[in-house]
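Here is how the chains run, residue by residue.
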Amino acid sequence: FETAAKEQMARLAQRMGVRGKVRELVIAQLRSGDTRMSSVAERLAMSVATLRRRLDEEGTSHTEILDEVRHE
């Protein structure tokens, strides 16, 4: 069951796209207070410009995701 669960999680992560990954990182980093876009981009191994572009392609932004997480 553990192997099947890991495979399912991997497939789910691929479907989440950049938005989902950013959301997970923002949630994890919210406690430390470091939710800057540059920190998120670094953890995703991409530049801030690339992160901004990919989020824009998905119809969202770092600020929108951060606001959603804070609201929840």
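Here the structure is a predicted model, which means the values were calculated and not measured.

Engineer: For this particular structure, what's the right way to read the nonpolar core?
Structural biologist: General note: in soluble globular proteins, nonpolar side chains tend to be found buried as a group. Within the largest apolar cluster, 13 residues are counted, with the highest numbers of intra-cluster contacts made by V18, V22, V26, V40, L51, L55 and I65. Elements supplying a minimum of two residues to this core: α1 (2-30), α2 (37-43), α3 (48-57) and α4 (62-71). Sorting elements by how many residues they give to this core places α1 first, with 4 residues. Leave out the neighbours within four places in its chain, and V26 touches T35, V40, H62, L66 and V69.

Engineer: For this particular structure, what's the right way to read α3?
Structural biologist: Since the α-helix advances by 3.6 residues per turn, residues separated by three or four positions end up pointing in the same direction. Every buried residue of α3 is accounted for by T50, L51 and L55. Seen end-on, α3 carries its buried residues on one side only, within an arc spanning 130°. Exposed and oriented more than 90 degrees from the buried face of α3 are D56 and E57. At the C-terminal side of α3, G59 shows a positive phi close to 80°.

Engineer: How should the confidence of the model for the protein be read in this particular structure?
Structural biologist: Any region with low pLDDT has predicted coordinates that should not be read closely. Averaged over all residues, the pLDDT of the protein is 89; the fraction at 70 or higher stands at 96%. When mean pLDDT is compared element by element in the protein, α3 scores highest at 96, while α1 scores lowest at 83.

Engineer: When you look at the side chain of T35 in this model, what are you seeing that I'm missing?
Structural biologist: Here T35 lies in the loop between α1 and α2. If sequence neighbours within four positions are ignored, T35 has contacts with V26, Q29, L30, V40, H62, L66 and R70.

Rules behind the numbers
Residues numbered from 1 in each chain as written. Predicted model: local features only at pLDDT ≥ 70, side-chain atom pairs only at ≥ 80, totals over all residues. Heavy atoms only, no water. Core = buried A, V, L, I, M, F, W, Y, C linked by side-chain atoms within 4.5 Å. Buried < 20%, exposed > 50% of the residue type's maximum accessible area, 1.4 Å probe, protein only. Helix = DSSP H or I, 4+ residues; strand = E, 2+ residues; numbered from the N terminus. Contact = heavy atoms within 4.5 Å. Arc of directions from axis to C-beta. pLDDT = per-residue confidence, 0-100.

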